[in-house]
Amino acid sequence: MNRVDNISVAGNSNATDQQASAAARLLSPILDGEARWRLLTLIVLFVGAFIMALPFLWLLSSSLKPEQEIFLFPPKWIPNPIRFQNYIDALTYKPFGTYIANTLWIVILNEIAIVGSASLCAYGFARISFPGRDFWFGIVLATLMVPYFVMMIPQFVIFSRLGWTDSYLPLTIPFFFGGGAFNIFLLRQFFRTLPAELADAARIDGCSELGIYWRIFMPLAKPALATVAIFTFLNGWNDFIGPLLYINSPDKFTVAIGLATFRSVMRTRWDLLMAASTAMIVPVLLLFFFAQRYFIEGIVLSGLKG
Amino acid sequence: MATSNLFFNPLRPKTNLQRRTVTGYLFISPFILGFLLWFLIPALTAVWLTFTDWNLIRPPRYVGLDNILQLGRDTLFWQSLKVTTIFTLASVPVGLVVSFLLALLMNTRVRGISLFRTIYYLPSIVPAVASAVLWAWIFNTDFGLANVVLTALGLPKIQWLQDPSWALPALIIMSLWGLGATMVIYLAGLQGIPTVFYEAAEIDGAGRWAQLRHITIPLMSPVIFFNLIIGIIGTFQVFTAGFLITDGGPQNSTLFYVLYLYRNGFEFLKMGYSAALAWVLFFIIMALTLFVFKYVGGLVHYEDTQ
């Protein structure tokens, strides 16, 4: 399998190379070196990709094995029989349906909170000039540098004083206040790329600042908002430490906590554990494949335009 | 509209600047409120906690500098610092270099390259809990993938998670699986370098190495710098792997700093001591960031020198 793929990749590279520089290679012998370089590149990339993919293949293979085939050495990569029942067993052993519903509820609240409040703040920072704006934006950047774990203990003390433990309040309410420094930063960067004339024209027509934000800038910011929404979903879906600290009742568990608990009761049922893990990973992968463009957008907006 | 001017209202904006100031602050008010509620108040709480002995049940007791003095005597504190430092020193440089090389190899227009990019990127979006469960199985001594690979290479099996000298390396290997995120940031940076630079260099007869040395690396230095800082901040907050896979063991060989912080807070219920640990984390990250800015930042080449 390994070798066959290698050959086909090599063949591909030659074909592309020929297309790209068929005329030039006749004139210059340097491009032959170029072709060799590309072949080497593809071989290295292929080996690397194989290493990166191996844990996924292992995960999938283990998740479909009958229990006795899990404990074979050397392992059987293709289970016989392929046992899809593992997924049903794993996801019904613990009420994963409830966990998924709980997680989605938290995520939906976070989406409303973050998209709403981060975009308001970002608009203020990007589009209105007022005294103290740069000071407060400096604070936004400063909070960005402070790790979650530094604030974990005092925040827990405050939330437990408020009687918010074992509820979703600590996992949702704070996001209504600014929606996270990173999201403000990202949306501000985007709002700044939009032409100022849009706002000026609307202002002359008597449109309020809130109207300009909502009717002109928000529709134009859809790509950036989609990026924020996607990362909000990922953070909510993946968050472990938050629910670990605040959620105690099993009926309020999120998927992450559910899977961690499942692991602690199913020490050696790796078939079921892999099925449950796969089930947690699949939505994330699907999201990536449907919204790839916005993933890249987020990286570019956050890292490079700053 | 006109009726609102009939009565005296000290808040009614008179000039354009005043109007903009009021509007601006209204827009960013969610952030300001959030900053006060979930940042400033917790920070002050953390200062107070540092000087108290409190287990959340008995009333808090003022202990002066006891919590801070205890740090020096606490061998587990030093152990957790050591573990985190080793993890950072191994994981960050290797991750930075490998992902940079991968990004260089991937920055070519070859058909099928986007498939490679996807394969390398996907592991970095796998939820931490699912990843932890998967890697706990991969590093299983008797039937895990890691030992399957070692055996296939003719090497002896390793007791990855039971051997104090191998548990941390295992988690470092696991962390490198997620280097695709860094790679994509590099890739976005590489694609922003104008091709004219390379064309000019080629005309001047500069080889591949010279182009890398004199064009790519200087122009990419801000991105490398960004990834270095993000990497350091990230490795100081590794929690889930140590918590779920090894539980800090064996013999505290994977007792990450934030895991020790979590234990003091939520297992030993030492709120005061864990607040002191959180301050130490804050100052370490500040000091490292400043250090990196001072000594590495000078090597960064910025295009626009305005």
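Because the structure is predicted, anything quoted here is derived from the model rather than measured.

Draft legend 1. Highlighting the overall build of chain A. Helix and strand counts for chain A stand at 16 helices and zero strands. Burial statistics for chain A: of 306 residues in total, 38% are counted as buried. Long-range contacts, defined here as pairs at least 24 residues apart, represent 75% of the contacts in chain A between residues at least 6 apart.

Draft legend 2. Summary view of the interface of chain B and chain A. In this complex, chain B contributes 75 residues to the contact, which on the side of chain A involves 79 residues. If one sorts the elements of the side of chain B that touches chain A by residue count, helix 1 (residues 16-50) of chain B sits on top with 21 residues.

Draft legend 3. Main features of the nonpolar core. Core analysis: the biggest nonpolar cluster contains 109 residues, and Leu259 of chain A together with Val129 and Ala278 of chain B have the highest contact counts within it. Not counting residues within four places of it along the chain, the set of residues in contact with Leu259 of chain A comprises Ala276, Ser277 and Met280 of chain A together with Val129, Ala130 and Val133 of chain B. Counting residues in each nonpolar core, the second largest holds 37 residues, with Phe130, Phe137, Phe190 and Ile212 of chain A among its members.

Draft legend 4. Main features of unusual backbone geometry. For the bond from Phe73 of chain A to Pro74 of chain A, the omega torsion is -5°, close enough to zero to count as cis. Structurally, Pro74 of chain A can be placed in the loop between helix 3 (67-70) and helix 4 (85-93). That bond from Asn80 of chain A to Pro81 of chain A is cis: its omega, -5°, falls within 30 degrees of zero. With a phi angle near 60°, Asn252 of chain B is a residue other than glycine that sits in the positive phi range. Along the chain, Asn252 of chain B turns up in the loop between helix 11 (240-246) and helix 12 (257-267). Although it is not a glycine, Leu269 of chain B sits at a positive phi angle of roughly 50°. Residue placement: Leu269 of chain B occurs in the loop between helix 12 and helix 13 (271-295). Using a count of 14 C-beta atoms within 10 Å as the deciding quantity, one classes Leu269 of chain B as partly exposed.

Draft legend 5. Main features of the domain arrangement of chain A. All names here are of chain A. For chain A, the assigned domains are domain 1 (2-63) and domain 2 (90-303). Listed per partner, the contact involves four residues of domain 1 and six residues of domain 2. The class makeup of the residues in the side of domain 1 that touches domain 2 is two nonpolar, two polar and no charged.

Draft legend 6. Here's a closer look at the domain arrangement of chain B. Taken domain by domain, chain B consists of domain 1 (13-50) and domain 2 (68-299). Taking the mean C-alpha position of each, domain 1 of chain B and domain 2 of chain B sit 35 Å from one another.

Draft legend 7. The arrangement of the packing of helix 12 of chain B against helix 13 of chain B in detail. All names here are of chain B. Interhelical geometry of helix 12 versus helix 13 gives an angle of 160° and a closest axis separation of 8 Å. By the angle between their axes, helix 12 is roughly antiparallel relative to helix 13. Once helix 12 is placed against helix 13, the crossing between them reads as left-handed. Counted together, Tyr257, Tyr260, Leu261, Asn264 and Gly265 of helix 12 and Met271, Tyr273, Ser274, Leu277, Ala278 and Leu281 of helix 13 form the full contact between these two elements. Class assignment of the residues belonging to the contact of helix 12 with helix 13 gives a composition of eight nonpolar, three polar and no charged.

Conventions used here
Residues numbered from 1 in each chain as written. Chains lettered and ligands numbered in written order. Predicted model: local features only at pLDDT ≥ 70, side-chain atom pairs only at ≥ 80, totals over all residues. Helix = DSSP H or I, 4+ residues; strand = E, 2+ residues; numbered from the N terminus. Buried ≥ 20, exposed ≤ 12 C-beta atoms within 10 Å, placed from the backbone. Contact = placed C-beta atoms within 7 Å. Core = buried A, V, L, I, M, F, W, Y, C linked by C-beta atoms within 7 Å. Domains from an automatic or database assignment. Nonpolar A, V, L, I, M, F, W, Y, C, P; charged D, E, K, R; others polar. Axes fitted to C-alpha atoms, helices over the stretch in contact; angles between N-to-C directions. Parallel < 35°, antiparallel > 145°, perpendicular 65-115°, else oblique. Left-handed = near helix turned anticlockwise from the far one by under 90°.

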